[in-house]
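Secondary and tertiary structure notes
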Amino acid sequence: MAISVAKVANWLQSVDKARAVVGWWPAQYMPEDERTAYKVQDAFLKKLVPRQGPVAGYKIGLTAPQIWEQTGLRSPAYGPIRKKRVFHEKTSVRADRWTRLGVELEIILTVNADVPAPADTAYDKESIAPYVGDARAGFELIEDRGADYSRLSAFALIMDLGWNGGSLLGKANRNWRDLDLANLDGSISFDGKVVRTGHSGDVMGHCYNSLAWLANKLGEHGKRLRKGMIVSSGSMVACQFVPPGSTAVGKIEGLGEVTLKYDLPR
């Protein structure tokens with residue numbers, strides 16, 4: 001039986017307002033195909049835009065071995081980043097406003113011009129490169145609603161905006177073009193102690209490959225990357241769940257760092 005896109009979006013909105021734990025997705029709200037999942041994403045997004053702002057870019061998930069191992073999923077997926085959920089360099093968020101907060105360490109790209117829809121030839125690493133205007137370190141803030149990863153579905157992640165709860169961007173790096181973006185080490189620390197490391201080349205070989213995949217996928221859905229949008233290209237480190245009251249720091253060698261304080265409510 002085909003699901004009602006509107007009903008699933010309404011259910012998601014209720015879950016979001018309640019900050020409810022969703023260990024696994026109810027069968028009656030599970031679509032039969034990926035395109036329907038993205039239609040639910042679009043419908044849910046419309047409900048959040050008045051409060052969280054318009055689309056400022058996109059995140060790309062399920063792109064690297066650490067994430068594949070963690071989630072059991074391998075197919076890339078995208079989700080929209082909302083303008084009012086974009087933070088810079090150092091920020092704090094309150095623990096009572098999240099169901100379960102995770103951080104993923106990513107290279108975040110800025111698009112320097114509108115990207116035309118792919119024509120006869122799909123974008124690849126080389127053809128998408130001219131549209132990159134900036135690269136910096138960043139955290140994607142993950143809201144997975146306490147998901148049971150042993151029962152996880154890619155469709156569920158897609159419908160729930162790719163679990164994007166926000167994006168924390170590092171300081172602009174003037175020398176980013178001098179770096180080998182496919183060969184950078186990164187780490188996530190909690191309260192000064194490194195909890196996980198990773199390598200940028202694990203993300204589809206190069207962050208430009210992620211960007212090309214996104215441009216092609218958006219084209220399939222009648223969407224485009226626009227000038228000024230940010231793209232969180234995929235995590236080089238598996239999602240790390242932040243203990244309330246802790247400070248998380250993400251560092252990418254030569255590219256920069258970000259700091260997130262996860263405050264307990266007063």
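Let me sum up the structure you'll find in this document.

Here we take up the overall build of the chain. Tallying secondary structure elements over the chain gives six helices and 13 strands in all. Compactness check: the chain gives a C-alpha radius of gyration of 17 Å against a globular reference of 18 Å for 266 residues, within 12% of the reference. Seen through its principal axes, the chain has C-alpha atoms that stretch 55 × 50 × 35 Å. When the accessible area of the chain is evaluated, it comes to approximately 11900 Å², of which 49% is carbon and sulfur surface.

A side chain of one charge can pair with a side chain of the opposite charge if their charged atoms are brought near each other. In the structure shown here, the tally under the stated rule is 12 salt bridges. Across the pair K217 and E34 runs a salt bridge, and its minimum N-O distance is 2.7 Å. Residue K217 is located in helix 6 (residues 207-220), and its partner E34 is located in helix 2 (residues 34-52); the two are separated by 183 residues in the primary sequence. By relative accessible area, which is 13% here, K217 ends up buried. The partner of R94 in a salt bridge is D96, with the nearest N and O atoms 2.6 Å apart. Taking relative accessible area as the criterion, R94 reaches 35% and is therefore assigned partly exposed. Look at the salt bridges and you will find they share partners, linking D16, R51, R145 and D160 into a network.

A few words now on the environment of A147. Following the sequence through the fold, A147 ends up in the loop between strand 6 (132-143) and helix 5 (154-159). Given the relative accessible area of 9%, A147 is considered buried. Once the C-alpha coordinates of A147 and A77 are considered, the two residues, 70 residues apart in sequence, prove to be 17 Å apart. Ignoring anything within four residues of it in the chain, the contact list for A147 reads V22, G23, R100, L152 and W163.

A few words on the sheet that holds strand 13 (residues 256-263). An order of 4-13-12-8-9 is seen for the five strands of this open sheet, with the pairing classed as mixed. Across the chains shown, the open sheet's two edge strands, defined by having one partner strand only, are strand 4 (90-94) and strand 9 (193-199). Strand-to-strand, the axes of this sheet are offset by a mean angle of 20 degrees, without reference to chain direction. Looking at chain direction, strand 12 (residues 247-252) and strand 13 are connected through six bridges and run antiparallel.

On to helix 1 (residues 5-18), then. The terminal C-alpha atoms of helix 1 lie 20 Å apart, and with 14 residues this matches the ideal 20 Å at 1.5 Å per residue to within 8%. Buried within helix 1 we find V8, A9, W11, L12, V15 and D16. Along the axis of helix 1, the buried positions cluster into a sector of 160 degrees, meaning they face one direction only. Opposite the buried face of helix 1, at more than 90 degrees from it, the exposed residues are K7, K17 and A18.

Let us now look at the environment of V21. With respect to the element layout, V21 can be found in the loop between helix 1 and helix 2. In this structure V21 comes out as exposed when scored by relative accessible area, which is 61%. On a C-alpha basis, the gap between V21 and A147 in space is 7.2 Å, while along the polypeptide they are 126 residues apart. Not counting residues within four places of it along the chain, the set of residues in contact with V21 comprises T99, R145 and G146.

Within the largest apolar cluster, 78 residues are counted, with the highest numbers of intra-cluster contacts made by I107, F139, L214 and L225. It is helix 6 that contributes the most residues to this core, eight residues altogether. L214 has contacts with Y58, I60, Y78, L225 and V231, leaving out every residue within four places of it along the chain. Grouped together as the second largest cluster of nonpolar side chains are six residues, A56, I81, V86 and L169 included.

Cut-off values and rules
- Residues numbered from 1 in each chain as written.
- Predicted model: local features only at pLDDT ≥ 70, side-chain atom pairs only at ≥ 80, totals over all residues.
- Heavy atoms only, no water.
- Helix = DSSP H or I, 4+ residues; strand = E, 2+ residues; numbered from the N terminus.
- Rg over C-alpha atoms; globule rule 2.2 N^0.38 Å.
- Areas by Shrake-Rupley, 256 points an atom, 1.4 Å probe, with all protein chains shown as cover.
- Salt bridge = Lys/Arg side-chain N within 4 Å of Asp/Glu carboxyl O.
- Buried < 20%, exposed > 50% of the residue type's maximum accessible area, 1.4 Å probe, protein only.
- Contact = heavy atoms within 4.5 Å.
- Pairing = 2+ DSSP bridges.
- Axes fitted to C-alpha atoms, helices over the stretch in contact; angles between N-to-C directions.
- Expected span 1.5 Å × (residues − 1).
- Arc of directions from axis to C-beta.
- Core = buried A, V, L, I, M, F, W, Y, C linked by side-chain atoms within 4.5 Å.

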